[in-house]
Amino acid sequence: MNAPLPLASARRPIRELPDDLISQIAAGEVVERPASVVRELLDNALDAGAREITVRLSAGGVRLISVEDDGQGIPRDELTVALRRHATSKIASLGELETVGTMGFRGEALAAINAIADLSLLSRAAGADAAWALDGRTGELRPVARAVGSTLEVRELFYATPARRKFLKTDATELAHCVEAVRRHALARPDVGFAIWHEGRLVEQWRAAAGADVRLQRLADVLGDEFVAQSVAIEHQGGAVRVLGRAGIPDAARSRADQQFFYVNGRFVRDKVLAHAVRSAYEDVLHGHRQPVYALYLEIDPARVDVNVHPTKIEVRFRDGREIHQAVRHALENALAAPRAGEAVTPAATPFFRPDTAAAPAQWTQPAIHFAAERGLGDAAAMWPQRRVDGAAPVALQPVTLQPSAPAPLPANDDAWPLGRAIAQLQGIYVLAENSQGLVIVDMHAAHERIVYERLKTQLDGAAITSQPLLIPATFAATPQEVATAEACAAVLPTLGLEITPFSPRTLAVRAVPGTLADGDPVELARSVLAELAQHDASTVVQRAQNELLSTMACHGAVRANRRLTLDEMNALLRQMEATERSDQCNHGRPTWRQVSIRDLDTLFLRGR
């Protein structure tokens, strides 16, 4: 038998919640763990103009959190007001809320912390005769000795809400989160010194950076010299958006996303639009599911970004997400495109291979047309016979063997040939070259694949994405979100080569698709584009599909393993690698070359020991 339904509970009258309960509910949104308290107190210290901040912790921050700063301090008559809900000096009107330039502005943090912990506030304002200490429990004020600045002590976190305390992790885990909170602030403010103490022991210290490039110095101090050595500088101005910082090279990618820092006007944020822009910039050079490392700083007019989205202030909303997405993506793509073997040089005048010119055109076009028909390139495949890639075209090669010849000397300027001079080929797979640092090992198929791929992309990028109307529109039952996205992005879809219009209140019709993807599934393409537009305000689905098509064509057309090359052909490959964007990784994100230094070779043979 079915269990009887529970009786409806007696109706309870609607009442206003007591102030204590309201404060504890609000505190649950602001304070999740000790690191949340550290973040809020650091925001206040930086807003007060602090140049030295010391964080002292006990039991991972559960027993004690103390934040000392040398900022402006708080006058005596404002101390009691500071602990009230929605009391702040940061904003006073709606206009200031819409152009927030400070780290804090909601006026909730101190009141929330005081509701769930034992808080005391010591402060001395500039020009005051003495410092004053405020007990958050009793409201008692007493004079104390202190220099100009403030000290906030938070003891026994969550003592007023024991249930919340049970959800905390071990002291070591909570300490790690607190250190991470300080580290995020330290990366944003290299002009400020930070010190972290735990149980009376110094855990981390970052002194205020000084010199020509304080941001680079702070990045090295916080993330390590290895991060700086394995990253490229980012400096891009896209309209009203400026992107600065450093982005790790693909080889420095990690299995976890634990070194990804993005700041908007100095505020650490997590945002889907920004994360998607970074990922799309790396997807052409990153292998598998590896995570890139970066520290990026976005500067934008505060009126163009809303930071009043969540009480933690870690989420933002952009007025024009597409503009931000393009600026970040282009900034990273441009920086990552330069080959790390050296600056781009003029490609070698001699072709990479010596093709049989009589047989080249037919043997170049046939695989391309076959592949186009197989993958849905359609009528656009007709452009490939005329779009022969000069020099690096995957044409039929004459059988050649290594011919002994006098080795050419290295040029006087080592920078002219960063990848050095070819000396041999190993097992028909790797090219061995010598440069001023030692030995260079090149995966010839991976390297040639990238060269062909980049040239095909350049040819395709030369023209705008052209649409091909469908003879019979492809209709599909759409979700309300897909319908809303199609209507909201009606002006954006044509730039992607798509035409999607409402067919009925619950049905969408795909009337045109990009010409290069004409034989694919129009419904699947439309759904993918709409899903990405809805989530990220920008879509790279079309470009990703085109690049996948070109990547496979390049893979089929690149020189195969066990193909014997002459020294001249090997040297031509090295020179084209030096002149090709993203030539350090193949189309699938694997490295194309590795440097083995003389010191590494000496270590292998125990020289000098």
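One can find the structure itself at the top, above this paragraph.
Source: prediction; values computed, not measured.

Caption draft 1: Representation of the pattern of salt bridges. According to the stated counting rule, one finds 29 salt bridges in the structure shown. In this structure, E174 and R33 form a salt bridge, with 3.0 Å as the shortest nitrogen-oxygen distance. Remark: R33 occurs in the loop between α1 (19-30) and α2 (34-47) and E174 occurs in helix α7 (residues 171-188); sequence separation between them is 141 residues. Close ionic contact of E578 with R575 constitutes a salt bridge, the shortest N to O distance being 2.8 Å. Placement of both E578 and R575 in helix α18 (residues 567-579) is noted, with a separation of three residues, approximately one turn of the helix. There is no split in this pair, since E578 and R575 are both buried. The network of salt bridges with common partners includes D284, R450, E454, E581 and R582.

Caption draft 2: Spatial organisation of the sheet that holds strand β22 (residues 593-597). Strand order in this open sheet of four strands is β16-β17-β18-β22, and the pairing throughout is antiparallel. The sheet is open, and its two edges are formed by β16 (421-426) and β22, each paired on a single side. Each adjacent strand pair in this sheet contributes to an overall mean axis angle of 25°, direction not counted. Pairing geometry for strand β17 (residues 430-435) and strand β18 (residues 438-443), over six bridges, is antiparallel. What sits directly across from Y430, in β18, is D443.

Caption draft 3: Examining helix α16 (residues 522-536) more closely. The end-to-end C-alpha distance of α16, which contains 15 residues, comes to 21 Å, matching closely the 21 Å that a straight helix rising 1.5 Å per residue would cover. Burial in α16 covers these residues: P522, V523, L525, A526, V529, L530, E532, L533 and H536. Looking at where α16 begins, the residue whose side-chain oxygen comes 3.1 Å from the main-chain nitrogen of V523 is D521.

Caption draft 4: Structural context of the packing of α2 against helix α5 (residues 109-116). Between α2 and α5, the least distance of the axes is 10 Å, while the angle of their chain directions is 140°. In this structure, the crossing between α2 and α5 has a hand that is left-handed. On α5, the residues that touch V37, E40, L41 and N44 of α2 are A109, L110 and I113. Considering only residue class, the contact of α2 with α5 consists of five nonpolar, one polar and one charged.

Caption draft 5: Representation of the packing of aromatic side chains within the structure. The final tally for this structure, using the stated rule, is four aromatic pairs. Pairing F262 with Y294 gives two aromatic rings, centres 6.4 Å apart and planes at 75°, and the pair type is edge-to-face. With F262 in strand β11 (residues 260-264) and Y294 in strand β13 (residues 294-299), this residue pair connects regions lying 32 residues apart in the sequence. On the accessibility criterion, F262 (4% relative accessible area) is buried. The class for Y294 is buried, based on a relative accessible area of 6%. Each ring, one from Y263 and one from Y297, has its centre 5.1 Å from the other, and the planes form 10°; the classification is stacked.

Caption draft 6: Focus on the nonpolar core. The biggest cluster of nonpolar side chains holds 95 residues, and the ones touching the most others in it are I53, L298 and V328. At eight residues, the largest contribution of residues to this core is made by α7.

What counts and what doesn't
- Residues numbered from 1 in each chain as written.
- Predicted model: local features only at pLDDT ≥ 70, side-chain atom pairs only at ≥ 80, totals over all residues.
- Heavy atoms only, no water.
- Salt bridge = Lys/Arg side-chain N within 4 Å of Asp/Glu carboxyl O.
- Helix = DSSP H or I, 4+ residues; strand = E, 2+ residues; numbered from the N terminus.
- Buried < 20%, exposed > 50% of the residue type's maximum accessible area, 1.4 Å probe, protein only.
- Pairing = 2+ DSSP bridges.
- Axes fitted to C-alpha atoms, helices over the stretch in contact; angles between N-to-C directions.
- Expected span 1.5 Å × (residues − 1).
- Polar contact = N/O pair within 3.5 Å; in protein donor to acceptor, adjacent residues only side chain to side chain.
- Left-handed = near helix turned anticlockwise from the far one by under 90°.
- Contact = heavy atoms within 4.5 Å.
- Nonpolar A, V, L, I, M, F, W, Y, C, P; charged D, E, K, R; others polar.
- Phe/Tyr/Trp six-rings, centres within 6.5 Å; stacked < 30°, edge-to-face > 60°.
- Core = buried A, V, L, I, M, F, W, Y, C linked by side-chain atoms within 4.5 Å.

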